[in-house]
Amino acid sequence: MRGAPSPVTRSRLAPYLFLLPAFIVYAAFALYPLGRAAQFSLHEWSGIGSWRFVGLRNYADLLGDAAFRTAILNSLILIVFYAVLPLLIGMVAAAILRRGQVRGMGFFRTVIFLPQVVALVVVAVTWRQIYAPDGPLNQTLRAIGLDGLARGWLGDPGAALPAVGFIGTWVQTGLVMVLLLAGMSKIPRELYEAARLDGAGPIREFFAVTLPAIRGEIVVSLVLTIIAALKTFDLIYMTTAGGPGRATTVPSYEVYQRAFELRDVGSASAVALVLTAMVFLINLAVTRIGERDE
């Protein structure tokens, strides 16, 4: 038949046909909502009733919005707690466990990874109790004579953001360590033996052998933790609700507040699109740097 595709054509189309169902699901649950958010960001709308086209005004308003700038700054600070500190701590811990060949490695991995499988709402409620004025943290500080350090951690404008950030460090360190341990387990023992024959000590061995071999895992760890830092919402909502004042507000919380409390869906959508662009650009830069160094 003239209209029937040739076997060569069918073989070329086969991979695309195989991916088509997955693409349809992805488009329905990711691309379509993203497109609708972009549409809403160009309008003034309360979420109910008619809307009015305003073009790029919502984006222009964000440039002069102090609350939005504070949220962006706070999210960048949280990257230090969610990504940088877990990477450093996880790298040191993984190197020690890998070099020491600790017995019961599977048990240690499970325990350290446990914060990842606990719902963040549960984590937030637990740490809110720990940080309470009469909570375990302040009781411990008073018991060891450090009364001057005791405070209402989540109610102190200077301490609230680092306190929330430390929770992120606690949650993400296990993930990073497990990823790095997996990468270290693939390094041939012969490389370590050769380094030791050359007189390399533990530190030189780490920088000469281990670190270059786990660059891929480092990039993956940074991508995952940076995304977690930028999109964090439930932890902020359950611990501080963006307060005190705006000391812990972040872009994802701004989206919620503008859309459901201020009833400004257009502005909320604009913040959401800017946040999406931030996540994409920062992680693209991390991935490019990782690829360049390989």
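What counts, and at which threshold
For every chain, the first residue of the written sequence is number 1, and numbering continues from 1 along that sequence. Local features in this predicted model are restricted to residues of pLDDT 70 or higher, and side-chain atom pairs are both shown and tallied only at a pLDDT of 80 or more, whereas totals for entire chains, interfaces and linings draw on every residue. Where side-chain values are given, they derive from all heavy atoms of the structure, hydrogens and water being excluded. Summary of the burial criterion: residues with accessible area below 20% of their type's maximum are buried, those above 50% are exposed, and those between are partly exposed, where the area comes from a 1.4 Å probe applied to protein chains only. To qualify as a helix, a DSSP run of H or I must reach at least 4 residues; to qualify as a strand, a run of E must reach at least 2; elements of each kind are numbered from the N terminus. Arc, as used here, means the arc of the directions from the helix axis to the C-beta atoms. The contact criterion used is simple: two residues touch if any of their non-hydrogen atoms lie within 4.5 Å. Axis definition: a line fit to C-alpha positions, over the contact stretch in the case of helices; interaxial angles, taken between N-to-C directions, run 0 to 180 degrees. Put simply, angles under 35 degrees are roughly parallel, angles over 145 are roughly antiparallel, angles from 65 to 115 are roughly perpendicular, and the rest are oblique. Crossing handedness follows the turn of the near helix against the far one: under a right angle anticlockwise gives a left-handed crossing, and clockwise gives a right-handed one. UniProt positions are given in the numbering used here, feature names are shortened, and annotations may be inferred rather than shown by experiment. For this classification, the nonpolar set comprises Ala, Val, Leu, Ile, Met, Phe, Trp, Tyr, Cys and Pro, the charged set comprises Asp, Glu, Lys and Arg, and every other residue, Gly included, is treated as polar. Ring pairs shown here join Phe, Tyr and Trp side chains whose ring centres sit within 6.5 Å, with only the six-membered ring taken for Trp; geometry is labelled stacked below 30 degrees between planes, edge-to-face above 60, and tilted in between. Geometrically, a charge over a ring is one whose NZ (Lys) or CZ (Arg) sits within 6 Å of the ring centre while staying within 35 degrees of the ring normal.

1. Digging into helix α5 (residues 120-130)
Part 1: Every buried residue of α5 is accounted for by V123, A124 and W127. Buried residues of α5 fall within an arc of 100° about the axis and therefore sit on the same side.
Part 2: Next to the buried residues of α5 lie α7 (160-184) and α11 (234-239).

2. What to know about the packing of α5 against α7
Part 1: Where α5 contacts α7, the axes come no closer than 11 Å and their chain directions differ by 130°. The angle between the axes of α5 and α7 places the two elements in the oblique class. As for how α5 packs across α7, the hand of that crossing is right-handed. For the pair formed by α5 and α7, the contact residues are L120, V123 and W127 on the first element and F166, I167, W170 and V171 on the second.

3. A look at the side chain of N283
Part 1: Secondary-structure assignment places N283 in helix α13 (residues 265-293).
Part 2: Since its relative accessible area comes to 8%, N283 is described here as buried.
Part 3: When neighbours within four sequence positions are excluded, N283 is seen to be in contact with L222, V223, I226 and I227.

4. Comments concerning the environment of M184
Part 1: By the element assignment, M184 lies in helix α7.
Part 2: For M184, a relative accessible area of 1% gives the class buried.
Part 3: Spatially, the C-alpha atom of M184 lies 6.7 Å from that of T210, the residues being 26 residues apart in sequence.
Part 4: Apart from the residues within four sequence positions on either side, M184 is in contact with M91, A94, A95, R98, F206, T210 and I214.

5. Here we look at the environment of A94
Part 1: Take A94: it is sitting in helix α3 (residues 66-100).
Part 2: C-alpha separation for the pair A94 and D264, spaced 170 residues apart in sequence, amounts to 46 Å.
Part 3: Not counting residues up to four positions away in its chain, the partners in contact with A94 are M177, L180, L181 and M184.

6. Topic: the UniProt feature "transmembrane region" (unreviewed entry) in the chain
Part 1: In this structure's numbering, the residues bearing the UniProt feature "transmembrane region" (unreviewed entry) are residues 12-32, 71-95, 107-127, 159-185, 206-230 and 265-286.
Part 2: Measuring from the first to the last C-alpha atom of residues 206-230 gives 31 Å, for a span that is 96% helix and 0% strand.

7. Here we look at the packing of helix α9 (residues 202-213) against helix α10 (residues 215-231)
Part 1: Where α9 contacts α10, the axes come no closer than 5 Å and their chain directions differ by 55°. In terms of orientation, α9 lies oblique with respect to α10. Where α9 abuts α10, its residues L211, P212 and A213 lie against R215, E217 and I218.
Part 2: Of the residues contributing to the contact of α9 with α10, the split by class is 4 nonpolar, no polar and 2 charged.

8. Examining the packing of aromatic side chains
Part 1: This structure, assessed with the given rule, holds 14 aromatic pairs.
Part 2: A centroid spacing of 5.3 Å and a plane angle of 85° characterise the contact between F206 and F207, whose relative ring orientation is edge-to-face.
Part 3: Using a relative accessible area of 53% as the deciding quantity, one classes F207 as exposed.
Part 4: Clustering of aromatic rings is evident, with ring pairs tying together W127, Y131, W153, F166 and W170.
Part 5: The cationic tip of R151 hangs over the ring face of W153; the distance from NZ or CZ to the ring centre is 5.3 Å.

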